[in-house]
Amino acid sequence: MSENNYEQHGQHGPISSGSVPRREGWERETLEKLAFATLSEQRARRRWNIFFRFITLGVIVFGIWMAFGMAGKEDEIVGPHTALIEIDGTIESGTPGAADAVIPALNRAYSDSNAVGVVLRINSPGGSPVQAGIINDEIQRLRKEFPKKPLYVVVDEICASGGYYIAAAADKIFVNKASIVGSIGVLMEGFGFTGLMEKAGVERRLMTAGENKGFMDPFSPQSAKQKDFAQEMLNEVHQQFIDVVRQGRGKRLKETPETFSGLFWSGSKSVEMGLADGFGTVDSVARDELKAEDIIDYTQHEGLSERLLKKFGGAVGTAVMASISSNAGKPSLR
């Protein structure tokens, strides 16, 4: 091949007339562009992360400000007002209806000289006779200490068993026509698996020190003696419930053989039976009975952190287990 031909074809082959020769250093420029693009993307990501962190912090600060702001608004009303306390849900230890949540609210309401009276709004199917009894006793104590400050109960959807145990301590009980009221009785529930175990060929091996230590064990047979003992205890708690209702309602109560049978009635029927005094709401009682239309909520609500934990399921497992085992083998006002 001649020298001219070699130059024409190039070292690695012929060069077409339409191709554009590549510039020297193009690889470096491309790498630099990629590097700058990556760096820009990282900076943008950091900026967005900072932005979202500020947003999250702002939401938290706003929530805290709202919580304290609402409390401050209540404190601003220094004139005569109606004190409201709510019991919503089952009355069990560890719930908003427990004695350690309700009693501090009652004490704050009675101690406030500007609270002309207390309205206890109840929406509960019942629960622990111990918790209900503690609250009932505290209401009676406060009524004696502050005789000029009345306490009225307003029934929402339902006021049964433990809920009514508490309500019986009030000066008056107001209901809606369709409210559910009553269920003055006691129960103890559980399960027995002895028959199923026999069919499955399962042997229960329970060792105890004490004749009745395995009492209410669902995998052991229940003796007649143990059953009689449990019934006697239920009757005793039931009589305590009856005494509380009779003491609280006095001559207003129109007793019948069914009054303390565990049945429940509509709000209208409960007024006829003397279990309630009339119809009303929180607003109407504040306006007509207490003559103080300004209402301040003294209910001990859960904190922000507790609400967030429950919202995101932090207490779901605990609540499920508590609902399963809360009434196994112990009296319950429901």
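Numbers given to residues run from 1 along each chain, matching the order in which its sequence is written. Thresholds applied to this predicted model are a pLDDT of at least 70 for local features of residues and 80 or more for the giving and counting of side-chain atom pairs; totals over whole chains, interfaces and linings are not thresholded and use all residues. Processing note: side-chain calculations cover all non-hydrogen atoms of the structure and skip hydrogens and water entirely.

Colleague: What is the right way to read the side chain of Ser284 from this model?
Modeller: Put simply, DSSP marks the helices as runs of H or I at least four residues long and the strands as runs of E at least two long, and each gets a number from the N terminus on. Relative to the elements of secondary structure, Ser284 occurs in helix H9 (residues 282-289). Take Ser284: its relative accessible area is 14%, and that puts it in the buried class. The definition of a polar contact used here is a pair of N or O atoms within 3.5 Å, where within protein one atom must be able to donate a hydrogen and the other to accept one, and adjacent residues in sequence count solely through side-chain atom pairs. One polar contact links the side chain of Ser284 to the main-chain amide nitrogen of Thr281, over a distance of 2.7 Å. Throughout this description, buried means an accessible area under 20% of the type-specific maximum (1.4 Å probe, protein chains only), exposed means over 50%, and partly exposed covers the range between.

Colleague: Just checking my understanding: could you explain the pairing of strand E2 (residues 115-124) for this structure?
Modeller: On a regular strand, each side chain points to the face opposite its neighbour's, so the side chains alternate between the two faces of the sheet. Within E2, eight of the ten residues are buried, which leaves the element mostly enclosed by the surrounding structure. Examined bridge by bridge, strand E1 (residues 81-88) and E2 share eight bridges and lie parallel to one another. Bridging across to E2, Ala83 finds its partner in Val118. Viewed along the sheet, the connection from E1 through helix H3 (residues 99-111) into E2 turns out right-handed. Each pair of strands is called paired provided DSSP finds at least two bridges between the two strands. Relative to strand E3 (residues 151-160), E2 runs parallel, the two sharing six bridges. Residue pairing in the sheet places Ser124 in a bridge with Cys159 of E3. Each parallel crossover has a hand, and the one from E2 via helix H4 (residues 129-145) to E3 is right-handed. Looking down the strands as they point away from you, a crossover is right-handed if its path from the first strand over the helix to the second goes clockwise.

Colleague: Teacher, can you tell me more about a nonpolar patch on the surface here?
Modeller: Patch definition: residues with relative accessible area over 30% and no salt bridge; like charges joined within 9 Å; nonpolar side chains (Val, Leu, Ile, Met, Phe, Trp, Tyr) joined within 5 Å. Under the convention used here, a 1.4 Å probe and the Shrake-Rupley method define accessible areas, while residue burial counts only the protein chains that appear. In the sections that follow, a salt bridge refers to a side-chain nitrogen of Lys or Arg positioned within 4 Å of a carboxyl oxygen of Asp or Glu. Among the surface-exposed residues, Trp48, Phe51, Phe52, Ile55 and Val59 lie close enough to one another that they form a single nonpolar patch of about 540 Å² accessible area. Assignment of secondary structure puts Ile55 in helix H2 (residues 26-76). A relative accessible area of 43% places Ile55 in the partly exposed class.

Colleague: When you look at unusual backbone geometry in this model, what are you seeing that I'm missing?
Modeller: Peptide bonds are mostly trans, and most non-glycine residues show a negative phi. Of note in the backbone geometry, Ser161 takes a positive phi value of approximately 50° without being a glycine. Summarising the element assignment, Ser161 is placed in the loop between E3 and helix H5 (162-167). Phi at Ser183 is positive, roughly 55°, even though this residue is not glycine. On the secondary structure map, Ser183 appears in the loop between strand E5 (180-182) and helix H6 (194-200). In this structure Ser183 comes out as buried when scored by relative accessible area, which is 8%.

Any functional reading would require information that these geometric values do not contain.
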